[in-house]
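Tertiary structure, described
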Amino acid sequence: MADSAQAQKLVYLVTGGCGFLGEHVVRMLLQQEPQLRELRIFDLHLGPWLEELKTGPVQVTAIQGDVTQAHEVAAAVAGAHVVIHTAGLVDVFGKTSPETIHEVNVQGTRNVIEACVQTGTRFLVYTSSMEVVGPNIKGQPFYRGNENTPYEAVHRHPYPCSKALAEQLVLEANGRKVLGGLPLVTCALRPTGIYGEGHQIMRDFYHQGLRLGGRLFRAIPASVEHGRVYVGNVAWMHVLVARELEHRAALMGGQVYFCYDNSPYKSYEDFNMEFLGPCGLRLVGTRPLLPYWLLVFLAALNVLLQWLLRPLLLYAPLLNPYTLAMANTTFTVSTDKARRHFGYEPPFSWEESRTRTIRWVQAMEGSAQ
Ligand SMILES: NC(=O)C1=CN([C@@H]2O[C@H](COP(=O)(O)OP(=O)(O)OC[C@H]3O[C@@H](n4cnc5c(N)ncnc54)[C@H](O)[C@@H]3O)[C@@H](O)[C@H]2O)C=CC1
Ligand SMILES: CC(C)CCC[C@@H](C)[C@H]1CC[C@H]2[C@@H]3[C@H](O)CC4=CC(=O)CC[C@]4(C)[C@H]3CC[C@]12C
């Protein structure tokens with residue numbers, strides 16, 4: 001922890017600080033970063049929960065802004081020591097246009113980098129994604145891979161394309177001179193599928209299960225494994241990286257790290273059942289109930305329906321060709337790079353992550369009644 005002479009001197013900015021991950025990063029910073037003097041939270045939509053944070057010892061500044069607007073970003077970044085850039089459009093369901101996804105994820109990240117350079121901010125942590133690597137369009141498995149595992153990272157979908165481009169921008173910016181002449185130090189964190197309190201897709205599965213009379217129907221073979229990571233551990237990795245970048249700039253600058261913890265490798269559906277099961281839902285079938293070709297057909301049909309209905313309403317179901325391919329392809333990571341480089345250990349065990357997530361789903365149940 002910080003010595004008292006250094007206490008409370010730093011200004012941090014978290015973009016996307018009101019999102020699922022961003023809120024956990026914000027709360028973790030307030031709990032675990034003793035050097036913090038001011039925490040700026042920049043988001044398109046500010047949450048009402050921010051008010052409760054404003055009574056603590058750290059100055060919390062909420063900034064409603066858009067990362068695609070360079071001047072808004074520059075104003076928020078000016079004077080910050082560290083930027084944690086989590087803001088992004090996470091859309092694999094066709095809710096937003098590819099152009100908008102690119103604008104927010106790529107141009108937004110470019111704006112953050114340029115703001116750091118122009119205003120003299122030296123440390124930038126970027127929330128990338130496992131999707132930068134894969135699964136790729138060929139559906140090749142990535143089994144217990146690490147940051148150096150060879151894999152053909154080829155994408156077509158706007159979301160992984162945008163994350164890959166943005167990550168590249170961040171890594172290339174490492175070493176650029178910022179205002180004042182010192183070098184920018186950047187690094188990118190690649191979470192696998194994040195779960196935990198506030199996870200929208202878990203919410204969607206839960207409500208779908210309730211609508212189907214407490215049942216979910218298996219669509220994916222249990223043998224397909226997915227890497228998942230608890231949101232609290234992802235948040236902690238961001239906090240730790242932000243803290244250590246200054247001291248280990250030569251080692252960590254320009255690096256990528258998968259975000260990992262001890263969550264078990266399971267299929268996407270079996271993993272979700274770890275939380276939804278104790279909340280009363282049941283996964284029907286030991287094998288997929290529908291043949292794969294039929295799922296492919298339904299996924300394609302959903303694309304057609306989305307297109308036909310677009311003038312009238314937004315039809316964005318969970319199943320589409322991309323999500324089907326994702327869910328059907330093994331993608332798991334096994335690495336210790338973050339431990340070796342900056343001493344990362346996941347603070348939340350699997351048991352605690354599971355308990356916390358179950359409690360959150362149960363609270364949702366309570367509020368639905
Ligand atoms: N959810 C997941 O499983 C994973 C997420 N990620 C990455 O983590 C980051 C956070 O994702 P989540 O918390 O899941 O998403 P989220 O949608 O809950 O949070 C994103 C936040 O960014 C904000 N935002 C969006 N557009 C903005 C704009 N133009 N200007 C300012 N703020 C804007 C949103 O209002 C939201 O609060 C994203 O960069 C995402 O790509 C990476 C791997 C897995
Ligand atoms: C009904 C279908 C057969 C099952 C649908 C499951 C899908 C909705 C999800 C399966 C895999 C998920 C993605 C994965 O966890 C990796 C991700 C990383 C990110 O950066 C953003 C989220 C996501 C794309 C995640 C989205 C939901 C799935 C596609």
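Residues numbered from 1 in each chain as written. Chains lettered and ligands numbered in written order. Predicted model: local features only at pLDDT ≥ 70, side-chain atom pairs only at ≥ 80, totals over all residues. Heavy atoms only, no water.

The name given to the protein in an unreviewed UniProt entry is 3 beta-hydroxysteroid dehydrogenase type 7, with the source organism recorded as Balaenoptera musculus. A UniProt comment under Sequence similarities (unreviewed entry) is attached to the protein, and it reads "Belongs to the 3-beta-HSD family." The record in UniProt for the protein states the following under Subcellular location (unreviewed entry): "Endoplasmic reticulum membrane". (UniProt positions renumbered as here; feature names shortened; annotations may be inferred.)

The next subject is the site of ligand 2. Taken together, 15 residues form the shell around ligand 2, and within it Ser129, Glu131, Tyr159, Gly193 and Ile201 come nearest. Within the side chain of Ser129, one N or O atom sits 2.7 Å away from an oxygen atom of ligand 2. Taking Tyr159, its side chain carries an N or O atom lying 2.7 Å from an oxygen atom of ligand 2. Burial of ligand 2 by the protein chains amounts to 91% of its free accessible area of 620 Å². Across the shell around ligand 2, the residue classes tally to 10 nonpolar, four polar and one charged. (Near = heavy atom within 4 Å. Polar contact = N/O pair within 3.5 Å; in protein donor to acceptor, adjacent residues only side chain to side chain. Areas by Shrake-Rupley, 256 points an atom, 1.4 Å probe, with all protein chains shown as cover. Nonpolar A, V, L, I, M, F, W, Y, C, P; charged D, E, K, R; others polar.)

An order of β3-β2-β1-β4-β5-β7-β11 is seen for the seven strands of this open sheet, with the pairing classed as parallel. One side of each edge strand has no neighbouring strand; the edge strands of this open sheet are β3 (59-64) and β11 (255-259). Along the sheet, successive strands turn relative to each other by an average axial angle of 20 degrees, direction set aside. Bridge count between strand β7 (residues 185-191) and β11: five bridges; the pairing is parallel. (Pairing = 2+ DSSP bridges. Helix = DSSP H or I, 4+ residues; strand = E, 2+ residues; numbered from the N terminus. Axes fitted to C-alpha atoms, helices over the stretch in contact; angles between N-to-C directions.)

Our next topic: the pairing of strand β4 (residues 82-85). Across the two faces of β4 the burial is the same, with Val82 and Ile84 and Val83 and His85 all buried. As defined by bridge partners, strand β1 (residues 10-15) adjoins β4 across four bridges and the pair is classed as parallel. Bridging across to β4, Tyr12 finds its partner in Val82. Here four bridges tie β4 to strand β5 (residues 123-127), and the two strands are oriented parallel to one another. Its bridge partner being in β5, Val83 is matched across the sheet by Leu124. (Buried < 20%, exposed > 50% of the residue type's maximum accessible area, 1.4 Å probe, protein only.)

What follows is about the site of ligand 1. If you check the shell around ligand 1, you find 25 residues, and the closest are Leu21, Asp43, Asp66, Tyr159 and Lys163. Interatomic distance of 3.0 Å between a backbone N/O atom of Ile194 and an oxygen atom of ligand 1. Sorting the residues of the shell around ligand 1 by element identifies α1 (20-32), α5 (158-173) and β8 (193-195) as the ones contributing at least two each. Residues of the shell around ligand 1, tallied by class, amount to 11 nonpolar, 11 polar and three charged.

Moving on, we get to the packing of aromatic side chains. Tallying each qualifying case throughout the model produces 15 aromatic pairs. A ring pair is formed by Tyr195 and Tyr230, whose centres lie 5.7 Å apart and whose planes are at 55 degrees; its orientation type is tilted. Pair noted here: Tyr195 is in strand β8 and Tyr230 is in strand β10 (residues 228-230), with a separation of 35 residues, a long-range link. The residues Tyr195 and Tyr230 share a single accessibility class, namely buried. Pairing Tyr195 with Trp350 gives two aromatic rings, centres 6.3 Å apart and planes at 70 degrees, and the pair type is edge-to-face. Within this pair, whereas Tyr195 is found in strand β8, its partner Trp350 is found in helix α13 (residues 350-368), the two being separated by 155 residues in sequence. Ring pairing ties together the aromatic residues Tyr195, Tyr230, Phe271, Phe275, Phe348 and Trp350, which thus form one cluster. The ring of Phe258 is capped by Arg190, whose NZ or CZ atom sits 5.8 Å from the centre of that ring. Residue placement shows Lys337 over the ring face of Tyr257; its charged tip is 4.9 Å from the ring centre. (Phe/Tyr/Trp six-rings, centres within 6.5 Å; stacked < 30°, edge-to-face > 60°. Lys NZ or Arg CZ within 6 Å of the ring centre and 35° of its normal.)

With that out of the way, let us pick up a nonpolar patch on the surface. A cluster of nonpolar side chains, contributed by Trp293, Phe297, Leu301, Leu304, Leu305, Trp307 and Leu308, occupies part of the molecular surface with about 790 Å² of accessible area. As for its position among the elements, Leu301 is in helix α10 (residues 292-309). The partly exposed category is assigned to Leu301, whose relative accessible area is 34%. (Patch = residues over 30% accessible without salt bridge, like charges linked within 9 Å, V, L, I, M, F, W, Y side chains within 5 Å. Salt bridge = Lys/Arg side-chain N within 4 Å of Asp/Glu carboxyl O.)

Mapped onto the present numbering, the UniProt feature "transmembrane region" (unreviewed entry) falls at residues 289-309. Measuring from the first to the last C-alpha atom of residues 289-309 gives 28 Å, for a span that is 86% helix and 0% strand.

Counted by the stated rule, this structure contains 16 salt bridges. A salt bridge links Glu225 to Arg144; the shortest N-O distance between them is 2.5 Å. A residue pair is termed long-range when its members are at least 10 positions apart, and Glu225 in the loop between β9 (215-217) and β10 and Arg144 in strand β6 (residues 142-145) qualify at 81 residues. Residue classification places Glu225 among the buried residues on the basis of a relative accessible area of 17%.

Attention now moves to the UniProt feature "domain: 3-beta hydroxysteroid dehydrogenase/isomerase" (unreviewed entry) in the protein. Per the UniProt record, "domain: 3-beta hydroxysteroid dehydrogenase/isomerase" (unreviewed entry) is found at residues 13-283. With 38% helix and 20% strand, residues 13-283 has its two end C-alpha atoms placed 41 Å apart.

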